Amino acid sequence: MSNGEMAKNFKEHSVAEFFKKNKQMLGFSGKIRSLTTILHEYITNSLDACQEAKILPEIYVEINEIEKENDKYQIIVEDNGPGIPKSHIGKALGMMLSGTKFHRFIQQRGQQGIGAAGCTMFSMLTVGKPIKVVSGHNKKTIECEVSVDFKTNKPIIENEKENEGEFEGLKIEAQFGEVKYEKSNYGAYEYIRRTALANPYLKITFKDPSGQIEIFQRSTELLPPKPVEILPHPLGIGPHDLLEIAKVEKKYTKMSSFFQNRFSRFSASKVAELKEIIPDVDLNISPEKLGWQEAEKITSAFSKIKWIAPSPDGITPIGQELIEKSFINVLNPEMVEVTERKPKIYRGGIPFIVEVGIGYGGGIEAAGKKGEVMRFANRSPLLFDAGGCAITETIKSIDWKRYDLKNFEEEPIVIVVNISSVHIPYTSAGKQAISPEEEIVDEIKNAVMETCRTIQKHISSKKKEREMEGKRKAISRYIGQFSKDLTELSESSDSEKIKEILESMIGEKYGE
Amino acid sequence: MVNKMGKKIDIDEETALQRLKNLGKKMYIEVLSRESPTFNTPLRSKSNINYDASSECLKLGEKEERRTLLNVSQSRTFMQTVAIANKTKKFLDENLHTSIRGLYYQLKFSLGEDLDESLFEEQGESNALIEDLEASLKIKREDLHLTTDRKGVLAGPIKIRDVFAGDENIIDGEKQGRSGWMITSDVDNGMSFLDVRANYVLVVEKDALWQRLNEDKFWKKENCILITPKGQASRGTRRMIRKLADAGLPVYVFTDCDAWGWYIYWTIKTGSMNLAYLGRAFATPEARFLGVTMSDIEKFEFLQKLTIKAKDIDIKRAEEMLGYEWISKHKEWVIELKKVLKTGKKIEQDALQGQRLTFVGEYIQDKIKNKEWLP
């Protein structure tokens, strides 16, 4: 099927039908998961917008029950970001697959999911109502209601009001059906908590349906650097990606110049190498006319060429120090150890960075958490499909006995793994599990083991110290009574002296 | 030796007091030399209980347990042991007595306002440690002024001087009427035999039979000391029997013809497992068993109709007794016990009154005269 045919087919389907058919793939499967997906879309949009605008993000999230028995909830998300200019509101919130991030090779959270417009559609499909938007941008406050025209995939804006105002930011108020709030490991609360953990510069306030408010304070005032847009490396793309990029390129008349300008490390000599491998493919055609078969041949030829490794500049990990701060801020463990690995490459061309943080005891113990693994991709929490995920699988393969953590699942331990990359290899369109690429698995394993080695020393000395302290306390409590009785029994006189000697002996034996 | 109240105290008490003080002094020196205080006590578990053939009673073996204050798993019991030692030392100093329950309440107090722990939480803890102290210091709890429940009763030609609570009384065993003299918890401290003119001691298991024989003035006719332990003999009664044997009197025991009755006999004779740590002081190996025996049932026709079916517990106890070397070394007893297992029968001592009430006395007299006893 040619590209043109695909586009035609797509238009013939109603957008609503497309959405319904692909609900699963878009993260709207299951009531609890759907609610998490909605929060994810709004919160990541806010974070990305603030990061681009260099604003320290402050997000308020509120979830209210409307009809609990019918699983209807109201969600309010408000941020202090740059807002959306009037002209862009419809496009950003009412048009599927039209986000600003599409086809940019940049490390952003919003790569996952379907964007806020998908949420608008979900709201319309489940409660039949438009979403309410308040956008404060350049001293102007715009209030309106946004919905989607299913036939044309065009946004509809109604009840628009425009005022002068100081409000800067975006507030979305929407109702949804077929969702459910639950304080579980997969729920909205956990999503927010983990988002706070992975984004130490974020202040997020959450009001749950019972009215309980929890504020996650930021642990740093330092915004992460604005992500650098880098050109895709030939090894990082498949035929699909190639087709999509080619489709939007109007600037280049020939494939050869398109390659050299739109990809990194693609020199004229590489174009020549490519020609040698696939002489039957005409690289003089316009990118717009590229077909599936050619795209397939080209990408498979890419893997036969020796490339200069891509630049890892586009990746911004959270950073060792900040993970540590954030860990203490959100989970307050007794010990925390963080490892940040150097950038590595998978599939021969895609750079990625693995960060691992391990927290033990303290607040983790108090919260009753045991052997918990928190997965992140570009700082976004992955809550679902843990089963097939490279992170979960790698951690399962660790021999905990080597680190004095025989019963990993019973220990008060939390392991945070964040994988940063411009292209995260997800196992499926649901984008909740990372595919077990050999290099990624190795990196996770090395990072976890490195962290374990360091924290193990702390844990075992702490355990021993605690054990000794326990013994010291256990014996010390009997010394007063014993000294008194022994003084009388031996008909000696100095009870305090006996006590002093015994206490110093206990100190010697069990440490002070 | 006088205590702090200025009262003269007995030899056993004096030994006890001295040993308590020595225990304290030993620990005090250990502390001054910066050593963890230690306490040794013989193991009282079954594996350390042996029958001692030369003294013919149950005794503890050589195995010892060594406890030290600075060992976490022992520190609490260590403190408790010393607390008991000190408390009983006070009892001796003040010349006051109490029960082991009284002692427990004396020591059941909080270790401190900030500590959610008492010196003793339950009586089981202090009971076991009292036995440890007795075994370790080789003294009886009665010497520490700890009283036990009285149970046995005595009558007969004996006079005992009882110095107690500042008074001195002479107990005349012949003037106790129908009730008899209740054997005290401690028959050593403050107690002494003035005059023992009896020919022998007769111990009958049941109070009912004792009353029957008392009414017949059996002790007067036979010039004997008539005791009933009212079942299993209490510490005081066992000690009393031992002391009477020490005074040169033969001891005869008369119980039901069943495993329980025989067990009462063997406890008097060799001591019990539970009190093995006290050894010969609570055992009377010289004791002889008069009856009722399985052979009596064969000998007296009227008894054959009065037997009862042995219960499971009787059979089990008989089997156990056959396994004890101090019982199975007597072939007479092996025969008796095997008869029980074979016939599955037993008979109560009361059955001897079946023909006429006074038969019991004659039966006993005949047995003693004809030396018809079991070892």
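Provided above is the structure to which this section pertains.
Since the model is a prediction, treat every value here as computed from it, not as a measurement.

(A) The overall build of chain B, seen in detail. Counting secondary structure elements, chain B contains 14 helices and 17 strands. Counting across all 375 residues of chain B, residues that qualify as buried make up 56%. Counted over contacts in chain B with a minimum sequence separation of 6, partners at least 24 positions apart contribute 73%. Counting only carbon and sulfur atoms, one obtains 49% of the accessible surface of chain B, whose full area is about 16,800 Å².

(B) Representation of the overall build of chain A in the model. If you tally the helices and strands in chain A, you get 15 helices and 14 strands. Put simply, chain A has 512 residues, and 52% of those count as buried. A total accessible area of about 23,200 Å² is found for chain A, and carbon and sulfur atoms account for 48% of it.

(C) Seen up close, the pairing of strand S6 (residues 169–176) of chain A. Residue and element names in this part refer to chain A. As judged from the seven bridges shared by strand S2 (residues 72–79) and S6, these two strands associate in the antiparallel manner. Within the sheet, the bridge partner assigned to Asp 79 lies in S6 and is Leu 170. The pairing of strand S3 (residues 131–137) with S6 spans five bridges and is antiparallel. Counterpart to Gly 136 in the pairing with S6 is Gly 169.

(D) Representation of the interface of chain B and chain A in the model. Across the contact, 34 residues belong to chain B and 25 residues belong to chain A. When the buried area of chain B at its contact with chain A is split by residue, B:Tyr28, B:Arg34 and B:Leu70 rank highest and sum to 26% of it. The interface formed by chain B and chain A includes five salt bridges. The residue B:Arg34 makes a salt bridge to A:Glu508 at a minimum N-O spacing of 2.9 Å. Summed over the shared surface of chain B and chain A, the number is eleven residue pairs in polar contact (both at pLDDT 80 or more). Partitioning the side of chain B that touches chain A into residue classes produces 19 nonpolar, five polar and ten charged.

(E) Examining helix H14 (residues 438–489) of chain A more closely. Compared with an ideal rise of 1.5 Å per residue, which puts 52 residues at 76 Å, H14(A) spans 73 Å between its outermost C-alpha atoms and is within 8% of the ideal. Its maximal kink placed at A:Ile479, H14(A) deviates by approximately 35°.

(F) Representation of the packing of helix H7 (residues 239–248) of chain A against helix H10 (residues 292–302) of chain A within the structure. All names here are of chain A. Contact geometry for H7 and H10: axes closest at 8 Å, N-to-C directions at 120°. Between H7 and H10, the interaxial angle falls into the category oblique. Where H7 crosses over H10, the two elements pack in a sense that is right-handed. Contacts from Pro 239, His 240, Leu 242 and Leu 243 in H7 reach Trp 292, Ala 295, Glu 296, Ile 298 and Thr 299 in H10. Here the contact of H7 with H10 is built from residues that sort into six nonpolar, two polar and one charged.

(G) Expanded view of the pattern of salt bridges. Residue and element names in this part refer to chain B. If you walk through the whole model with that rule in mind, you get 64 salt bridges over all chains. Across the salt bridge formed by Arg 76 and Glu 125, the nearest N and O atoms sit 2.9 Å from each other. Taken together, the positions of Arg 76 in helix H2 (residues 75–94) and Glu 125 in helix H4 (residues 123–137) put the pair 49 residues apart, joining distant regions of the chain.

(H) Structural detail: the environment of B:Thr267. All names here are of chain B. By the secondary structure assignment, Thr 267 is in helix H8 (residues 259–270). When the C-alpha atoms of Thr 267 and Leu 58 are compared, they prove to be 9.5 Å apart, with 209 residues separating the residues in sequence. Setting aside residues up to four positions removed in sequence, Thr 267 forms contacts with Gln 232, Arg 238, Ser 272 and Phe 282.

(I) Structural view of a negative patch on the surface. On the surface, a cluster of negative charge is contributed by A:Asp494, A:Glu496, A:Glu500 and A:Glu503. Following the sequence through the fold, A:Glu503 ends up in helix H15 (residues 495–510).

(J) Expanded view of the sheet that holds strand S7 (residues 153–155) of chain B. Residues and elements named next belong to chain B. Here we have six strands laid out as an open sheet, ordered S10-S7-S13-S12-S14-S15, and mixed in their pairing. The outermost strands of the open sheet, each flanked by one partner alone, are strand S10 (181–182) and strand S15 (288–291). Pairing of S7 with strand S13 (residues 224–228), which is carried by three bridges, proceeds in the antiparallel orientation. The partner of Leu 154 across the bridge, within S13, is Ile 227. Lying on the sheet, helix H7 (residues 235–246) is in contact with S7, S10, strand S12 (200–204), S13 and strand S14 (251–254); it crosses S13 at an angle near 165°.

(K) Main features of the environment of A:Pro234. Residue and element names in this part refer to chain A. On the secondary structure map, Pro 234 appears in the loop between strand S8 (213–216) and H7. In sequence terms Pro 234 and Phe 263 are 29 residues apart; their C-alpha atoms lie 6.6 Å from each other. Not counting chain neighbours up to four residues away, the residues in contact with Pro 234 comprise Phe 263, Ser 264, Phe 266, Phe 302 and Trp 307.

Cut-offs applied
- Residues numbered from 1 in each chain as written.
- Chains lettered and ligands numbered in written order.
- Predicted model: local features only at pLDDT ≥ 70, side-chain atom pairs only at ≥ 80, totals over all residues.
- Heavy atoms only, no water.
- Helix = DSSP H or I, 4+ residues; strand = E, 2+ residues; numbered from the N terminus.
- Buried < 20%, exposed > 50% of the residue type's maximum accessible area, 1.4 Å probe, protein only.
- Contact = heavy atoms within 4.5 Å.
- Areas by Shrake-Rupley, 256 points an atom, 1.4 Å probe, with all protein chains shown as cover.
- Pairing = 2+ DSSP bridges.
- Buried area = accessible area lost by both parts, 1.4 Å probe.
- Salt bridge = Lys/Arg side-chain N within 4 Å of Asp/Glu carboxyl O.
- Polar contact = N/O pair within 3.5 Å; in protein donor to acceptor, adjacent residues only side chain to side chain.
- Nonpolar A, V, L, I, M, F, W, Y, C, P; charged D, E, K, R; others polar.
- Expected span 1.5 Å × (residues − 1).
- Bend = angle between axes of the 7 residues up to and from the residue.
- Axes fitted to C-alpha atoms, helices over the stretch in contact; angles between N-to-C directions.
- Parallel < 35°, antiparallel > 145°, perpendicular 65-115°, else oblique.
- Left-handed = near helix turned anticlockwise from the far one by under 90°.
- Patch = residues over 30% accessible without salt bridge, like charges linked within 9 Å, V, L, I, M, F, W, Y side chains within 5 Å.
- Lys, Arg positive; Asp, Glu negative; His and termini not counted.
- Charge placed at Lys NZ, Arg CZ, Asp CG, Glu CD.

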